[in-house]
Structures are given as C-alpha cells and as structure tokens.
Amino acid sequence: MKKIILSRHLQAKQSQGLYRRRRLLSSPQQPLIEVDGKSLLGFCSNDYLGLANHPRVVAAFKQAADRYGVGSGAAHLVIGHSEVHHRLEEALAEKTGRDRALLFSSGYMANVGVINALVDKGDYVFEDKLNHASLLDGGFVSKATCQRYFHNDVSNLEKKLQSADEGSSALVVTDAVFSMDGDVAPLTDISSVCEKYNAMLMVDDAHGFGVLGTGGAGTLNAQGLTQDDVPVLMATLGKAMGTAGAFIAGSDDLIEYLIQEARTYIYTTAMPPAIAAATLESLRVLDDESWRQDRLQQLIKRFRDGASAIGLSLMASDTAIQPVLIGEPEQALDMSFRLQQLGLLVTAIRPPTVPKGTARLRVTLSAEHSDDNVDQLLEGFASLQAGKFNS
Ligand SMILES: *Cc1c(COP(=O)(O)O)cnc(C)c1O
C-alpha cells in the first residue's frame, strides 16, 4: 500500500500560496474587531445586518438558555425537537411564504442531506459551475450523475437537460446569490426551463435570505417566485440572521419526505434550543428594523461608486458581497497583508474556493459599517494602488 504523506501535501500548498491559516478572534462580530491581538476594521463577516451581536438577539439567547439549558439532548426525531424549534420552523415558513420549514444544524448538512434524499443512482443533478461546495458535495454523496452548467447560463443548462435520459429524474441546483461573486442567478428563466423538462429546482439562498426581498424574505420573493416555481428553498441562519443553522422550506410533502429520508436531519443532534430562540428574535428584529436592509444598500452603493472611481476591478454584484478581483493567489495574499498593515481586514479567497486565476479580496459589508468605515477601506485600496504604480 502507498503511505499517506501529509507533509508533502502541506509543503505543496505553501509553495503555491494556497496554505490556509486561521486567525484568532477575541471580539464579537462588529466593524471593529480584535484579531490576533490587534484591532482591525473588518470586511469579511457574513453578518450582513449586524444581528450576530444585536442586544435583543443576545438577550433572547440568554433567556432561552435559562429556560431550556444549553444542549438539545438528541436528534429531532428522538427527543431534541423542542417547542422553540417548532415555533421557529413556523416563523420561517411564514417569512418565506411556504407551507412548512425544516431546521438543519448547518447549511452544509442541509444541502448534502436534501440532495442525497431527493436523487439516487441513475438520476441527474445539474449544478451551476460556481455553486457552493456543500451543494456539489450533496450531488457526489447522492451517487446521481452530476453535471455542472456554465455559470448563470440557462441555455447551457437546457442543453444538458435535453441530453439527459428521459427515464430518469433530474434536480437542478443553484445558489441564489453566489457566495464568492455576489451576483444573482436568473431564477425565473431557470425555473421555466426546469418546468419544461420536468426537473425539480432547488435554490440555496444563504446570502439572500434576510437581505433581499420584502421584509428580507429572500431572493425568490425579490424575483416574485413561489413555492410552485421553486419547490426546494434552502437558506442559512448563520449569515444575515446572525445565529447558526439552516432550513429547508417547501410543500408539506417535501418536509414530510425529508423527515423520513434526509440522513443529515435524522442522524444528528438538534441545534441548541437557545439558538432557535435567538433566531426567532432575529426575525422580529428584521421586521422592526427594516432600515438595516436600506442601510446596507446605501453602503453597497457607496463602496461601488468609490471603488470604480479609483479603478478597482469590481464584479457584477449589487449585493453585500463585493469582491475585488486580483488574479493570482500570492498577489491576493500580499494585498490582504498590506491592507491589514493599514488596519483593514479583507480575506483573500483563493482556489479551489474560486476558479484558478480569479483569486480575489472578498469584501463584505454590514449594516453596522459607517460611511467612514467604507471610506477608510477605499482609501486603503487607493494607497495600495499608488504603491503599485511607484514600484
Ligand atoms: C455558508 C453557505 C452554506 C453553508 O452554510 P453553513 O450553515 O455555514 O454550513 C451553504 N451554501 C452557501 C451558498 C453558503 O454561502
């Protein structure tokens, strides 16, 4: 047998500028964060609305911990499904305008569990080329035939659907807002083509839920799509909602089916009830403080206007994800390092998270950022560019 040699792999990662390192955070999610003992202005959190450390959400969490304790004790189907989980499912169904919702402990698990439950060997899964890793893994775990279509290219998707075996079932899966690019999928067109070929459509709205649509109902709401158009909606709670976990929303039959068949639902401990209680409060804050969505849009515009004025290479995104395209991983790392010396934290995103040659600095904005914060970031970028021209 061939021995597994880890050090060789680690060395290769290092020499390619692809080595991953963790930073030590000692503050809550907020614009000014304490990282590795230094105070930095952060632009990397997915806490788009500033709910992760919102006083009402924190208070709800504490109160629920006093009442229910910390652990949920078991899986939902054993004894872990508390009344507060149940109320959260009802609130999420209502928010998204769907029959029912089902909680998962993380978005990764929701995606793997749902895709694996819906398709089997002999079926097809068609995925956008830039889908989140958890969606791709769901396809692999299912043993269905997995094919990727060109990013947001509906005619390429249609070609693949056409050439699929008519006797098989097909599931089409896409991010709603692409996590590393910030652009939005053409969901209306994707939904029509799915209907034409009898394919089931699943949309991952991790980055749209809470941010887009009326009352933060999400990207499907923003595009006027219903449960009939998109039968399977997934969204996470660890991003704009500021807590943790995820849910699937859809028809009564879909949810009952997943309770029977989704292994990542059945065979895992339920999220702590206090997390569910905190998320219920996040939903209330979403309604009470709708200025947060508007504020985020203002900051996005301010950043984009300022960035194009200094000639940064922005991507076609009007969401809170505003990546600055760099190219090679070493270059992205170097820029991230130099921004950090200026007191700004923007993470470099490198392959395999993004395609080769498209390493980037992924700027994310939060409703908690001030105009000044955004201006500081732009000044940081501008000074790096000035440095580039000097050297
Ligand atoms: C973050 C993310 C997930 C995973 O959700 P977790 O709750 O963090 O496991 C899934 N899909 C997309 C598009 C994401 O951005």
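The rules we used
Residues numbered from 1 in each chain as written. Predicted model: local features only at pLDDT ≥ 70, side-chain atom pairs only at ≥ 80, totals over all residues. Heavy atoms only, no water. Axes fitted to C-alpha atoms, helices over the stretch in contact; angles between N-to-C directions. Helix = DSSP H or I, 4+ residues; strand = E, 2+ residues; numbered from the N terminus. Parallel < 35°, antiparallel > 145°, perpendicular 65-115°, else oblique. Left-handed = near helix turned anticlockwise from the far one by under 90°. Contact = heavy atoms within 4.5 Å. Nonpolar A, V, L, I, M, F, W, Y, C, P; charged D, E, K, R; others polar. Buried < 20%, exposed > 50% of the residue type's maximum accessible area, 1.4 Å probe, protein only. Pairing = 2+ DSSP bridges. Domains from an automatic or database assignment. Buried area = accessible area lost by both parts, 1.4 Å probe. Salt bridge = Lys/Arg side-chain N within 4 Å of Asp/Glu carboxyl O. Polar contact = N/O pair within 3.5 Å; in protein donor to acceptor, adjacent residues only side chain to side chain. Core = buried A, V, L, I, M, F, W, Y, C linked by side-chain atoms within 4.5 Å. Disulfide = S-S within 2.5 Å. Near = heavy atom within 4 Å. Areas by Shrake-Rupley, 256 points an atom, 1.4 Å probe, with all protein chains shown as cover.

**Digging into the packing of helix α7 (residues 154-163) against helix α8 (residues 187-196)**
The contact between α7 and α8 brings their axes to 10 Å, and the two run at 15°. Taken as axis vectors, α7 and α8 run roughly parallel relative to one another. Judged by the twist between their axes, the crossing of α7 over α8 is right-handed. Where α7 abuts α8, its residues Val154, Leu157, Glu158 and Leu161 lie against Asp189, Ile190, Val193 and Lys196. Of the residues in the contact of α7 with α8, the class split is five nonpolar, no polar and three charged.

**A look at the side chain of Ser191**
With respect to the helices, strands and loops of the structure, Ser191 is situated in helix α8. In contact with Ser191, not counting residues within four places along its chain, are Leu201 and Asp229.

**Structural notes on the pairing of strand β13 (residues 359-364)**
In terms of burial, β13 is a largely internal element, six of the six residues being buried. Where burial is concerned, the two faces of β13 agree: the one with Ala359, Leu361 and Val363 and the one with Arg360, Arg362 and Thr364 are both buried. Relative to β13, strand β10 (residues 321-327) is paired through six bridges, and the arrangement is antiparallel. Residue pairing for β13: Gln322 is matched across the bridge by Val363. Both strand β12 (residues 348-349) and β13 contribute to a ladder of two bridges, which runs antiparallel. Opposite Ile349, over in β13, you have Arg360 as the bridge partner.

**Side note on the domain arrangement of the chain**
Domain annotation for the chain reports domain 1 (21-50 + 290-390) and domain 2 (55-288). Each of domain 1 and domain 2 has a C-alpha centre, and these two points are 27 Å apart. Summing both partners gives a buried area of about 1,500 Å² for domain 1 against domain 2, and 60% of it is carried by carbon and sulfur. Between Arg360 and Asp181 there is a salt bridge, with the nearest N and O atoms lying 3.2 Å from each other. Counting every contact that joins domain 1 to domain 2 gives seven residue pairs in polar contact (both at pLDDT 80 or more).

**Some words on the pattern of salt bridges**
Where charged atoms from two side chains of opposite charge approach closely, those side chains can pair. The full count for this structure, using the stated rule, is 16 salt bridges. Across the pair Arg292 and Glu368 runs a salt bridge whose closest N-O atoms are separated by 2.9 Å. Placement of the pair is Arg292 in helix α13 (residues 291-309) and Glu368 in the loop between β13 and α15 (371-390), with a sequence separation of 76 residues. With its nearest N and O atoms 3.3 Å apart, the salt bridge here joins Arg338 to Asp334. Of the two residues, Arg338 and Asp334 both sit in helix α14 (residues 329-341), four residues apart, roughly one turn of that helix. In this structure Arg338 comes out as partly exposed when scored by relative accessible area, which is 29%. The class of Asp334 is partly exposed, set by a relative accessible area of 37%.

**Observations concerning the nonpolar core**
Formed by 81 residues in total, the largest nonpolar core has its most connected members in Val172, Phe303 and Phe381. The element contributing the most residues to this core is helix α12 (residues 273-288), with nine residues. Formed jointly, this core draws a minimum of three residues from each of two domains, domain 1 (21-50 + 290-390) and domain 2 (55-288). What Phe381 contacts, discounting residues up to four positions off in sequence, is Phe303, Ile310, Leu312, Val324, Met335, Leu339, Leu361 and Val363. Within the second largest apolar cluster, 25 residues are counted, among which are Val114, Val173, Leu254 and Ile255.

**Quick word on the environment of Arg22**
Relative to the helices and strands, Arg22 is located in the loop between α1 (6-15) and β1 (32-35). Residue classification places Arg22 among the exposed residues on the basis of a relative accessible area of 85%. The sequence separation of Arg22 and Asp36 amounts to 14 residues, and the corresponding C-alpha distance is 9.7 Å.

**So, the state of the cysteines**
What the rule picks out here adds up to zero disulfides. Of the cysteine sulfurs around Cys194, a residue in no disulfide, the closest is that of Cys146, at 16 Å. Judged by its relative accessible area of 1%, Cys194 is buried.

**Some details on the site of the ligand**
Around the ligand, 14 residues are found, and the nearest of them are Gly107, Tyr108, Asp204, His207 and Lys239. Between the ligand and the protein, one listed contact pairs an oxygen atom with a backbone N or O atom of Tyr108 at 2.9 Å. Lys239 is positioned such that a nitrogen or oxygen atom in its side chain is 2.7 Å from an oxygen atom of the ligand. Coverage of the ligand by the protein chains reaches 82% of its 380 Å² of free accessible surface. Counting residues per element, the shell around the ligand draws most heavily on helix α5 (residues 107-118), which supplies three residues. Across the shell around the ligand, the residue classes break down as two nonpolar, nine polar and three charged.

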